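Here is how the chains run, residue by residue.
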Amino acid sequence: MVEIPVITIDGPSGSGKGTVSQRVAEALGYHLLDSGALYRILGCVALRQGLDLNDHALLAQTIQQLDIHFGDQGPGSVSVNGEDFSDIIRQEIGGDMASRVGAIPAVRQALLNRQLAFRKSPGLVADGRDMGTVVFPRATVKIYLTASVEERAKRRYNQLIAKGIGAILPDLLRELKDRDERDSNRSVSPLKPADDAHILDSTNLSIDEVVTRVLNLAADF
Ligand code: DC
């Protein structure tokens, strides 16, 4: 049986993974898994319902029971139990909460099958932190996309300002460093390149250049 191809794109916040993954998936006509969105959804639901982040079983049960749909209301959209969550999960607090619930082993375990189910014909681009190391260890092509923390903070700042949202660069830099620290040092599925990942540093590359490099790597298979 021919395996359905998977391209994993892992890396820290602000490395450009989201945009690159979307563009690569479009170019190849593949499905897209935005795994960060799943953690963000749980983080936002936990915040809204006032769930205790120490109650790991409750958090794991909560994420399993949510009815989540991607792309129903256009590209990048996400609904949870019929409610549009597309904008809520993209706020800074959503990323911060995601990083907190993502450090909980029971939550990661509860999300595993949901993530594996995205592997459908003709192929999948999976965006996250542990796509190549844990979720799809036998992926066809593994990319680890990174950039300097200063460049990532600057990109985030420009994105927020362009959306008319106020932002303070030194605050963003500090928050990114905290998030990197938490994501890289947790005991389960820490952020790190798979041994067989291609490392791409996007600090001095445009999105187009990164997309081209990923597509070239994928074309070799
Ligand atoms: O990729 P993102 O910025 O949407 O991810 C938000 C947070 O979710 C990130 O800081 C850590 C967590 N996350 C994770 O633990 N594992 C993943 N595969 C994806 C995201």
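A few points on the structure.

What counts and how
Residues numbered from 1 in each chain as written. Predicted model: local features only at pLDDT ≥ 70, side-chain atom pairs only at ≥ 80, totals over all residues. Heavy atoms only, no water. Helix = DSSP H or I, 4+ residues; strand = E, 2+ residues; numbered from the N terminus. Rg over C-alpha atoms; globule rule 2.2 N^0.38 Å. Buried < 20%, exposed > 50% of the residue type's maximum accessible area, 1.4 Å probe, protein only. Contact = heavy atoms within 4.5 Å. Areas by Shrake-Rupley, 256 points an atom, 1.4 Å probe, with all protein chains shown as cover. Lys, Arg positive; Asp, Glu negative; His and termini not counted. Charge placed at Lys NZ, Arg CZ, Asp CG, Glu CD. Axes fitted to C-alpha atoms, helices over the stretch in contact; angles between N-to-C directions. Parallel < 35°, antiparallel > 145°, perpendicular 65-115°, else oblique. Left-handed = near helix turned anticlockwise from the far one by under 90°. Pairing = 2+ DSSP bridges. Phe/Tyr/Trp six-rings, centres within 6.5 Å; stacked < 30°, edge-to-face > 60°. Salt bridge = Lys/Arg side-chain N within 4 Å of Asp/Glu carboxyl O. Near = heavy atom within 4 Å. Polar contact = N/O pair within 3.5 Å; in protein donor to acceptor, adjacent residues only side chain to side chain. Nonpolar A, V, L, I, M, F, W, Y, C, P; charged D, E, K, R; others polar.

**As for the overall build of the chain**
Item 1. Of regular secondary structure, the chain possesses 9 helices and 8 strands.
Item 2. Taking 221 residues into account, the globule formula puts the C-alpha radius of gyration at 17 Å, and the chain, at 17 Å, falls close to it.
Item 3. Across its three principal directions, the C-alpha atoms of the chain cover 50 × 45 × 35 Å.
Item 4. Looking at the chain as a whole, 45% of its 221 residues qualify as buried.
Item 5. The contacts of the chain with a sequence gap of at least 6 include a subset with a gap of at least 24, amounting to 75%.
Item 6. Surface accessibility of the chain: about 11,000 Å² in total, with carbon and sulfur atoms responsible for 51%.
Item 7. Each charge class in the chain can be summarised by its mean position, and for the 25 positive and 29 negative side chains these summaries are 1 Å apart.

**Some thoughts on the packing of helix α4 (residues 92-101) against helix α8 (residues 169-185)**
Any two packed helices are characterised by the angle at which their axes cross and by the distance between the axes.
Item 1. Contact geometry of α4 with α8 gives a least axis separation of 10 Å together with a crossing angle of 20°. Taken as axis vectors, α4 and α8 run roughly parallel relative to one another. Of the two elements, α4 crosses α8, and the hand of that crossing is left-handed. For the pair α4 and α8, the contacting residues are Glu92, Gly95, Asp96, Ser99 and Arg100 in the first and Leu172, Glu175, Arg179, Arg182 and Asp183 in the second.

**Some remarks on the sheet that holds strand β4 (residues 78-80)**
Item 1. Taken together, 3 strands build an open sheet; the order of strands is β3-β4-β5 and the sheet is antiparallel. Only two strands of the sheet have a single neighbouring strand rather than two, namely β3 (68-70) and β5 (83-84).
Item 2. Both β4 and β5 contribute to a ladder of 2 bridges, which runs antiparallel. Looking at β5, one finds that Ser79 is bridged to Asp84.

**Let's talk about α4**
Item 1. Within the sequence span of α4, burial applies to Gly94, Gly95, Met97, Ala98, Ser99 and Val101.
Item 2. Packed against the buried residues of α4 are α2 (35-49), α5 (105-116) and α8.

**Thoughts on the packing of aromatic side chains**
Where two aromatic rings form a pair, the distance of their centres and the angle of their planes describe that pair.
Item 1. Following the criterion strictly, the structure yields 1 aromatic pair and no others.
Item 2. Aromatic side chains Phe70 and Phe118 sit 5.9 Å apart centroid to centroid with 70° between the ring planes, which places their arrangement in the edge-to-face category. Remark: Phe118 occurs in the loop between α5 and β6 (124-128) and Phe70 occurs in strand β3; sequence separation between them is 48 residues.

**Some points on the pattern of salt bridges**
Item 1. All chains considered together, the criterion is met by 17 salt bridges.
Item 2. The partner of Asp183 in a salt bridge is Arg186, and the shortest N-O contact between them spans 3.8 Å.
Item 3. Given a relative accessible area of 10%, Arg186 falls into the buried group.
Item 4. The network of salt bridges with common partners includes Glu3, Arg119 and Arg138.

**Quick word on the sheet that holds strand β8 (residues 198-201)**
Item 1. The strand order across the open sheet formed by 5 strands is β2-β6-β1-β7-β8, and the pairing between neighbours is parallel. Two strands lie at the open edges of the sheet, namely β2 (31-34) and β8, each paired on one side alone. Neighbour to neighbour, the strand axes of the sheet diverge by 20° on average, direction disregarded.
Item 2. Here 4 bridges tie strand β7 (residues 141-146) to β8, and the two strands are oriented parallel to one another. Across the sheet, residue Thr146 finds its bridge partner in β8, namely Asp201.

**Details of the site of the ligand**
Item 1. In the vicinity of the ligand there are 15 residues, among which Arg40, Arg108, Arg129, Asp183 and Arg186 approach most closely.
Item 2. Side-chain polar atom of Ser35 to a nitrogen atom of the ligand: 3.0 Å apart, as the coordinates give it.
Item 3. A distance of 2.9 Å separates an oxygen atom of the ligand from a polar atom in the side chain of Arg129.
Item 4. Computed on the free molecule, the ligand has an accessible area of 450 Å², of which 95% lies beneath the protein chains in the complex.
Item 5. Elements with a contribution of two residues or more to the shell around the ligand: α2, α4 and α8.
Item 6. Looking at the shell around the ligand residue by residue, the classes come out as 3 nonpolar, 4 polar and 8 charged.

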